[in-house]
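Analysis of the macromolecular model
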Amino acid sequence: MPLKFKETGIPDLLIVEPVVFGDERGFFLEFYKRSEFLKAGINVNFVQDNHSRSKKGVLRGLHFQEEPAAQGKLVKCIRGKIFDVAVDLRKGSPTFKKWFGIELSEENKLMLWIPPGFAHGFLTLSEEAEIIYKVSGSEYSPKHDRSIRWDDPEIGIAWPLDTKPILSEKDKNAPFLKEIEINFSFGEEK
């Protein structure tokens with residue numbers, strides 16, 4: 001059952017669309033299959049799975065782990081709807097500091113592959129949403145955990161907000177991109 005990998009306009013950042021088999025009983029899909037990822041040129045070793053629930057208006061991010069504990073993420077919304085965002089932090093990339101956003105939902109079943117070297121965040125659009133994501137590279141490391149302001153004007157993300165977002169203290173106090181040192185380089189292993 002092949003997965004479809006679609007370009008986003010940012011090198012290595014891909015939309016992953018599963019083939020969904022549905023009938024009167026429900027549906028079945030594969031959201032990760034090593035052989036399909038290898039065919040798409042993504043050779044990753046997933047080391048951790050995470051599950052998050054958020055209420056409407058919650059904005060989480062922009063988060064990343066710096067080297068040597070960088071992570072890739074395969075993000076899937078299993079309940080509700082989110083606006084998922086990735087920001088290219090790889091120096092030398094033709095899309096350095098550019099962002100990509102996509103609606104992920106239980107209905108569209110799309111996923112986003114975010115390779116190491118990107119910051120990640122999302123906004124909950126439905127009354128409640130749950131996401132699961134597989135993490136490659138390194139397990140969570142508080143020592144390497146970093147954030148960038150969700151509203152950094154240098155990045156300029158067009159969040160689909162109708163009210164002020166609900167933020168954690170960490171995200172409220174995150175630095176702007178110009179205030180941190182980035183140690184990712186374009187062309188590193190995916």
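One structure accompanies this document, and this report is about it. (Residues numbered from 1 in each chain as written. Predicted model: local features only at pLDDT ≥ 70, side-chain atom pairs only at ≥ 80, totals over all residues. Heavy atoms only, no water.)

**Remarks on the sheet that holds strand β13 (residues 128-137)**
Operational definition: At least two bridges found by DSSP between two strands are what make those strands a pair. Here a helix means four or more residues in a row that DSSP labels H or I, a strand means two or more in a row labelled E, and each is numbered from the N terminus. Between N-to-C directions, angles cover 0 to 180 degrees, with each direction set by a line fitted to C-alpha atoms, over the stretch in contact for helices.
Strand order in the open sheet made by the 6 strands is β1-β2-β11-β7-β13-β5, with antiparallel pairing throughout. With partners counted over all chains shown, the strands left at the sheet margins are β1 (4-7) and β5 (46-55), one partner each. Within this sheet the neighbouring strands show an average axis-to-axis angle of 25 degrees, counted without direction. Here 3 bridges tie strand β2 (residues 14-17) to strand β11 (residues 111-114), and the two strands are oriented antiparallel to one another. Each bridged residue has a counterpart across the sheet, and for Leu-14 the counterpart in β11 is Trp-113.

**Comments concerning the packing of aromatic side chains**
Keep this limit in mind: Two aromatic rings, drawn from Phe, Tyr or Trp (for Trp, its six-membered ring), form a pair once their centres lie within 6.5 Å of each other, and the interplanar angle then sorts them: stacked below 30 degrees, edge-to-face above 60, tilted otherwise. For the exposure calls, accessible area comes from a 1.4 Å probe over protein chains only, and a residue counts as buried if that area is under 20% of its type's maximum, exposed if over 50%, partly exposed in between. Criterion for a charge above a ring: Arg CZ or Lys NZ at most 6 Å from the ring centre, at most 35 degrees from the ring normal.
Applying the stated criterion across every chain, the model contains 8 aromatic pairs. Where Phe-5 meets Phe-37, the ring centres are 5.1 Å apart and the plane angle is 90 degrees; that geometry is what we call edge-to-face. Of this pair, Phe-5 sits in strand β1 while Phe-37 sits in helix α1 (residues 34-39); the two residues are 32 residues apart in sequence, bridging distant segments of the chain. You can call Phe-37 buried: its relative accessible area is 0%. For the ring pair Phe-37 and Trp-113, a centre distance of 6.4 Å and an interplane angle of 90 degrees mean the geometry is edge-to-face. Linking Phe-37 in helix α1 with Trp-113 in strand β11, this pair joins segments that are 76 residues apart in sequence. The residue whose ring lies beneath Lys-109 is Phe-27, and the NZ or CZ to ring-centre distance is 4.2 Å. Over the aromatic face of Phe-46 sits the side chain of Lys-134, whose NZ or CZ is 5.4 Å from the ring centroid.

**Considering the pairing of strand β12 (residues 118-124)**
By the criterion of burial, β12 is predominantly enclosed, with 7 of the 7 residues buried. Two strands pair when backbone bridges link them, and strand β6 (residues 59-65) and β12 are joined in this way by 4 bridges, in the antiparallel orientation. Bridge assignment links Gly-61 to a residue of β12, and that residue is Gly-121. Across 7 bridges, the pairing between strand β8 (residues 81-88) and β12 is antiparallel. Residue pairing in the sheet places Ala-86 in a bridge with His-120 of β12.

**Digging into the pairing of β11**
A regular strand places its side chains so that they alternate between the two faces of the sheet. Here β11 shows a buried face lined by Met-111 and Trp-113 and a second buried face lined by Leu-112 and Ile-114. Of the strand pairs in this sheet, strand β7 (residues 71-79) and β11 are connected by 4 bridges, and their pairing is antiparallel. Across the sheet, the residue bridging to Lys-73 is Ile-114, located in β11.

**Examining the sheet that holds β8**
One open sheet accounts for 5 strands, arranged β10-β8-β12-β6-β14; its pairing is antiparallel. At either end of the open sheet lies a strand with only one pairing partner, and these are β10 (99-105) and β14 (145-147). Neighbour-to-neighbour, the strand axes of the sheet open up by a mean angle of 25 degrees, direction not taken into account. Here β8 pairs with β10 via 7 bridges, running antiparallel. Across the sheet, the residue bridging to Phe-83 is Glu-103, located in β10.

**Considering the nonpolar core**
The criterion, for reference: The definition of a nonpolar core used throughout is a set of buried Ala, Val, Leu, Ile, Met, Phe, Trp, Tyr and Cys residues joined through side-chain atoms within 4.5 Å. Contacts are assigned to residue pairs that have any heavy atoms within 4.5 Å of one another.
Ranked by size, the top nonpolar core spans 20 residues in total, and within it Leu-62, Val-87, Leu-89, Ile-148 and Trp-159 carry the most contacts. For this core, the secondary-structure elements that each account for two or more residues are β6, β8 and β12. With residues near it in sequence (within four places) discarded, Trp-159 still touches Leu-59, Leu-62, Phe-83, Val-85, Gly-121, Phe-122, Leu-123 and Trp-150. Listed in part, the 19 residues of the second largest apolar core include Ile-10, Ile-82, Phe-122 and Ala-129.

**Quick look at the pattern of salt bridges**
Condition: Any carboxyl oxygen of Asp or Glu that lies within 4 Å of a side-chain nitrogen of Lys or Arg is treated as forming a salt bridge with it.
Scanning the entire structure with this criterion turns up 15 salt bridges. Lys-134 is paired through a salt bridge with Asp-49; the nearest N and O atoms lie 3.1 Å apart. Here the residue Lys-134 occupies a position in strand β13, and Asp-49 occupies one in strand β5, the gap between them amounting to 85 residues. Among the salt bridges present, the one from Arg-79 reaches Glu-130, with a minimum N-O distance of 3.0 Å. Taken together, the positions of Arg-79 in strand β7 and Glu-130 in strand β13 put the pair 51 residues apart, joining distant regions of the chain.

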